[in-house]
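Inside the fold
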Amino acid sequence: MEEKILTIVKLLRGKKAPPFTIEMDITNKCNLRCRMCWLRNFSYSRDEIDDETWIKTVEEACRMGIKEFRIPGSGEPFMRRELILSIMEILKENGKKGLIISNGTLIDKEIARKMVKIEWDILTLSIDGPSARIHDYIRGVKGSFERVISSIRIINSFKKKYRKKYPYLRMNTVLTNKNIYRLGSMVSLAYKLGFSEILFQPITVFSEEGRKLLPTRASLENGLKEAGKIAQKLGIRTNATELLKKRSIEAKDLPKFWSKISRETREFLKIPCYEPFYNIIITPYGDVGPCAVFGGKSKSNIAHENLRKIWYKDFEKFRRDLKKGKMFDFCKNCCVPIFLENERIRKCLRDEVYGG
């Protein structure tokens, strides 16, 4: 967090600094049919960026000095298996920190061995139930639970064989009314499978099918309290307490928080979002924007622009507007995890720049 804050402060003060983080949505293709996923409600006819362009961009990002490379689960990253393996090698050869978010169903022995041998930093695996019945229902494909559990066991066997600590295993669980009463069991499962952390993610509704999965506030609080207690007992990191502190963990509640932020008088703290001050995101089609919800609404594209120009020139408009308190049309699609990360950054800026 300290390096991220330094990057943000430099840009807030008008100095030059590369992004701290780059998120590369390698593909929107997926082998599952998760009921809450936005991909179930959208279709694209555009061609995804080719492997050569991705490799060129990754190499440029390394030269720019970007510290953290994230490959999130826009689709399932390992649908483009060979590209992902090449990117992983490039990043570790350049001493970069890497994270992949995966549904875990396509990780075989070759991929697992590679991740362990190069000491890939973080592997986040999406598991939405402590049993096949719950997980497979939410993920929309029968057998997906057994496949991800098998992948985890293969990874752990190679970690033991090669005496490696990495990859650090993190579980990601979307909170729904199908698993909310089993969060304690989710923590126990994480512990049993060798995870160091479990992150609970409030559901973002993209469709009526997703809306049907919304848990009640009372069940959320009870479930998170139970999960927090068990996590503390087992020594598993979790964000349960953090979510409970906010009390409101629904995207529809975010405007009231932004309204409060807009009344802040201190210059660096009244900025509604810090994402364009440390983060850059590339869609599978090469579009470049500042956050996960920008929806490809950008004139910048790695197919015909280099990353350095996009960051130091194109992104300046985002930063100028946010300094004035202006938000963008896509901000209405913001999700709770992005908001909470901004709150963590705001707290750090309050303490380090303004002394609390």
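The notes below deal with the structure included here. Chains are numbered independently. Their residues run from 1 in the order of the written sequence. Residue-level local features of this predicted model are given only where pLDDT is at least 70; pairs of side-chain atoms are given and counted only at 80 or more, and the full residue set underlies all totals for whole chains, interfaces and linings. Working from all heavy atoms in the structure, the side-chain values ignore hydrogens and water.

Description of the overall build of the protein
Labels follow the DSSP assignment, with helices taken as runs of H or I lasting at least four residues and strands as runs of E lasting at least two, numbered in each case from the N terminus. Across its full length, the protein carries 13 helices and nine strands. This radius of gyration counts C-alpha atoms alone. The globule rule is 2.2 Å times how many residues there are, raised to the power 0.38. The C-alpha radius of gyration computed for the protein amounts to 20 Å, which stays within 12% of the reference 21 Å derived for 356 residues, consistent with globular compactness. Along the longest, intermediate and shortest principal axes, the C-alpha atoms of the protein span 50 × 50 × 40 Å. When burial is assessed residue by residue, the protein has 55% of its 356 residues classed as buried. Summed over all atoms, the accessible surface of the protein reaches about 17,000 Å², with 49% contributed by carbon and sulfur. Here the term buried applies to any residue with accessible area under 20% of the maximum for its type, exposed to any over 50%, and partly exposed to those in between, with areas from a 1.4 Å probe on protein chains only. Computed with a 1.4 Å probe, the accessible areas rest on the Shrake-Rupley method; for each residue, only the protein chains presented here act as cover.

Quick look at the pairing of strand β1 (residues 21-24)
Covered by surrounding structure in β1 are Thr 21 and Glu 23 together with Ile 22 and Met 24, the residues of both alternating faces. Across three bridges, β1 lies against strand β2 (residues 68-71) in parallel orientation. Considered in β2, the bridge of Thr 21 is made with Glu 68. Both β1 and strand β8 (residues 279-282) contribute to a ladder of four bridges, which runs parallel. Bridge pairing in β8 places Glu 23 opposite Ile 281. In this description, strands pair whenever DSSP reports at least two bridges between them.

Observations regarding the packing of aromatic side chains
Pairing of aromatic rings covers Phe, Tyr and Trp, the last through its six-membered ring, and needs centres within 6.5 Å; plane angles under 30 degrees mean stacked, over 60 mean edge-to-face, and all others mean tilted. Evaluation of the coordinates by the stated rule reveals seven aromatic pairs. Site record: aromatic cluster; members linked through ring pairs are Trp 311, Phe 315, Phe 318, Phe 328 and Phe 330. Over the ring of Tyr 312 we find Lys 16, and its NZ or CZ is 5.0 Å from the ring centre. Residue placement shows Arg 266 over the ring face of Tyr 354; its charged tip is 5.6 Å from the ring centre. Remark: a charge is flagged as sitting over a ring if the NZ atom of Lys or the CZ atom of Arg is within 6 Å of the ring centre and within 35 degrees of the ring normal.

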